[in-house]
Amino acid sequence: MKVALIGLGSVGRGVAGMIAKKDLGITITGIADSRSGLIDGGGVDIPALLARKKEGGFCGDQTISSADIVKKADYDALIEVTPTDALSGEPATGYIRSAISRKKHVVTSNKGPISLFLNELRMAARKNGVALRYEATVAGAIPIMHTLEDGLAGNEILALYGVLNGTCNFILTRMAAEGLTYEQALMEAREMGYAEADPTYDVQGIDAAIKLVILANTIWGNGVKLDGVDRTGIDLLTADALRLAEDEGCTIRLIAEAIPRKKILRVSPRIIGKNHPLVVDGTLNALTLETDMAREITLIGRGAGSVETASAIIGDLLYIRDRYVQRA
């Protein structure tokens, strides 16, 4: 199976490294970072390329762009892992549309295109007879999309509840465990590499809300948008609030929830019992699905990380390989 990889940040390097390490029958024939690209029909030398990147070099020819890779390289599936733009979805959406128009399968970790244009992109993929897979857009290594599609096939999903942002969960865990202020816990999260210099996207619940939109549209196909999510972040929470919850045998977590029958689509800090399945520590994610037959199913795992996200992407690639490429 031949693939093209667009994006060589942390996730892209993780994917490339795992493809090079594991005998998966996958060959990278085109690859691009933000400054250069490389096309090699015989297969890119990934260890050599990653060594160049580690030294701060280019991945290939500076005259070859990501768009060139998408339009010209020989591949079965495009792996699109460029940074997310939650407002426009670009340039990732353009890459995905271009690949689909060439009748190429697409695997992406990019929340922008999937949260904004999922129904449109799905229709285009069906029209062209290709797969659009996006397991890595929600909850990192947790196989939520595979669970929905295969494990819970035939079930009606009635509601979902989740801890979908590891940065917020780390901050809340540290505030509860050590009595830290929000500012102190945020500083620790930055020092550990869990929070960006500008943490707005995480702590105001935007990231969790985007993931909730993706899940809602995947499950119910109702075309909801980010502005349809009732959103409250954790940036105004105090240590006193955590202590009061503690006194009641509870704690606080940032919970994303979708309950169609009640018209609820919300991200907000919630007080929940310490023995609740969504009370996970550190940067873990957790998601509970309420179904008609299986009742409640809770999935817990690592919600971020280059190798963890690579796990989700490679799972999607192997799905495509086994169901599409090998049958062609």
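Refer to the structure printed above.
Everything numeric here is computed off the predicted structure, so don't read it as measured data. (Residues numbered from 1 in each chain as written. Predicted model: local features only at pLDDT ≥ 70, side-chain atom pairs only at ≥ 80, totals over all residues. Heavy atoms only, no water.)

Q: Help me out: how do you make sense of the state of the cysteines in this one?
A: A covalent bond between the sulfur atoms of two cysteines is what we call a disulfide. Tallying each qualifying case throughout the model produces zero disulfides. The structure places no disulfide on Cys-250, whose sulfur is separated from the nearest cysteine sulfur, that of Cys-168, by 20 Å. (Disulfide = S-S within 2.5 Å.)

Q: Can you walk me through helix 2 (residues 46-54) in this structure?
A: Along an α-helix, residues three or four positions apart point the same way, because every turn accommodates 3.6 residues. Residues Ile-46, Leu-49 and Lys-53 constitute the buried set of helix 2. The arc that holds the buried residues of helix 2, viewed along the axis, is 65 degrees, so those residues lie on one side. Exposed residues pointing more than 90 degrees away from the buried face of helix 2 are listed as Pro-47 and Lys-54. Two or three places before Ala-48, at the start of helix 2, stands the capping residue Asp-45, its side-chain oxygen 3.2 Å from that residue's backbone nitrogen. Backbone geometry just after helix 2 places Gly-56 at a positive phi near 90 degrees. (Buried < 20%, exposed > 50% of the residue type's maximum accessible area, 1.4 Å probe, protein only. Helix = DSSP H or I, 4+ residues; strand = E, 2+ residues; numbered from the N terminus. Arc of directions from axis to C-beta. Polar contact = N/O pair within 3.5 Å; in protein donor to acceptor, adjacent residues only side chain to side chain.)

Q: In this structure, what is going on with the layout of surface pockets? I would like to understand it.
A: Any empty space left between atoms is shown by rolling a water-sized probe over those atoms. Computed from the structure, the largest pocket encloses a volume of approximately 1200 Å³. Contributing to the lining of the largest pocket are 44 residues, with Val-11, Lys-111, Glu-196, Ala-304 and Gly-305 lying nearest its centre. Within the residue set of the lining of the largest pocket, elements represented by two or more residues are helix 1 (10-21), helix 7 (166-178), helix 9 (200-203), helix 10 (206-220) and helix 12 (306-325). Size it by volume and the second largest pocket reaches roughly 520 Å³. Around the second largest pocket sit 24 residues that line it, and Arg-122, Leu-132, Arg-133, Tyr-134 and Glu-149 are the ones nearest its centre. At the level of secondary structure, the elements contributing two or more residues to the lining of the second largest pocket comprise helix 5 (111-127), strand 6 (132-133), helix 6 (144-151), helix 10 and helix 12. Its residues assigned to classes, the lining of the second largest pocket comprises 14 nonpolar, four polar and six charged. (1 Å grid on protein atoms, 1.4 Å probe; cavity = no way out; pocket = protein on both sides within 12 Å on 5 of 7 lines; lining within 4 Å. Points joined across faces, edges and corners; volume = space filled by probe spheres on them. Nonpolar A, V, L, I, M, F, W, Y, C, P; charged D, E, K, R; others polar.)

Q: Mind showing me how you'd approach the nonpolar core here?
A: One recurring pattern in soluble globular proteins: nonpolar side chains tend to sit buried together. By size, the foremost hydrophobic cluster in this structure holds 69 residues, and its most contacted members are Leu-78, Leu-132, Ile-144, Ile-171 and Ile-234. At nine residues, helix 10 tops the list of elements feeding residues into this core. Among residues more than four places away in sequence, those in contact with Ile-234 are Cys-168, Ile-171, Leu-172, Tyr-182, Val-203, Leu-254 and Pro-269. By size, the runner-up hydrophobic cluster in this structure holds 29 residues, among which are Leu-5, Ile-28, Ile-31 and Leu-49. (Core = buried A, V, L, I, M, F, W, Y, C linked by side-chain atoms within 4.5 Å. Contact = heavy atoms within 4.5 Å.)

Q: It is not clear to me how the sheet that holds strand 8 (residues 230-231) should be interpreted in this structure. Could you clarify?
A: The pairing of strands in a sheet comes from backbone hydrogen bonds and takes either a parallel or an antiparallel form. Pairing is mixed across the open sheet formed by six strands, whose spatial order is 8-10-9-7-11-12. In this open sheet, the two edge strands, each paired with only one partner strand, are strand 8 and strand 12 (296-302). Strand direction decides the pairing type here: strand 8 and strand 10 (residues 264-273), joined by two bridges, are parallel. Bridging from a neighbouring strand, Asp-230 pairs with Arg-266 of strand 10. Lying on the sheet, helix 10 is in contact with strand 7 (157-163), strand 8, strand 9 (250-259), strand 10 and strand 11 (284-291); it crosses strand 7 at an angle near 160 degrees. (Pairing = 2+ DSSP bridges. Axes fitted to C-alpha atoms, helices over the stretch in contact; angles between N-to-C directions.)

Q: Whenever I open this one, the packing of helix 6 against helix 12 confuses me. Can you help?
A: Think of two packed helices as two axes; the pair is described by the angle between the axes and how far apart they sit. Their axes nearest at 11 Å, the elements helix 6 and helix 12 cross at an angle of 35 degrees. Helix 12 is crossed by helix 6, and the crossing has left-handed handedness. On helix 12, the residues touching His-146, Glu-149 and Asp-150 of helix 6 are Gly-315, Asp-316, Tyr-319 and Arg-323. Considered class by class, the residues forming the contact of helix 6 with helix 12 number one nonpolar, two polar and four charged. (Left-handed = near helix turned anticlockwise from the far one by under 90°.)

Q: Any chance you could explain helix 10 here in plain terms?
A: Compared with an ideal rise of 1.5 Å per residue, which puts 15 residues at 21 Å, helix 10 spans 21 Å between its outermost C-alpha atoms and is within 8% of the ideal. Along helix 10, 13 of the 15 residues are buried, which leaves the element largely enclosed by surrounding structure. Two residues or fewer past helix 10, Gly-221 is found with a positive phi of approximately 55 degrees. (Expected span 1.5 Å × (residues − 1).)

Q: What should I look at first to understand the pattern of salt bridges in this one?
A: Side chains that carry opposite charge are capable of pairing whenever their charged atoms lie near each other. If you walk through the whole model with that rule in mind, you get 17 salt bridges. Between Lys-274 and Glu-246 there is a salt bridge, with its nearest N and O atoms 2.3 Å apart. With Lys-274 in the loop between strand 10 and strand 11 and Glu-246 in helix 11 (residues 239-247), this pair connects stretches of sequence that are 28 residues apart. Judged by relative accessible area, Lys-274 falls into the partly exposed class, the value being 41%. Given a relative accessible area of 36%, Glu-246 falls into the partly exposed group. Residues joined by salt bridges that share partners form a network here, namely Lys-111, Asp-207 and Lys-211. (Salt bridge = Lys/Arg side-chain N within 4 Å of Asp/Glu carboxyl O.)

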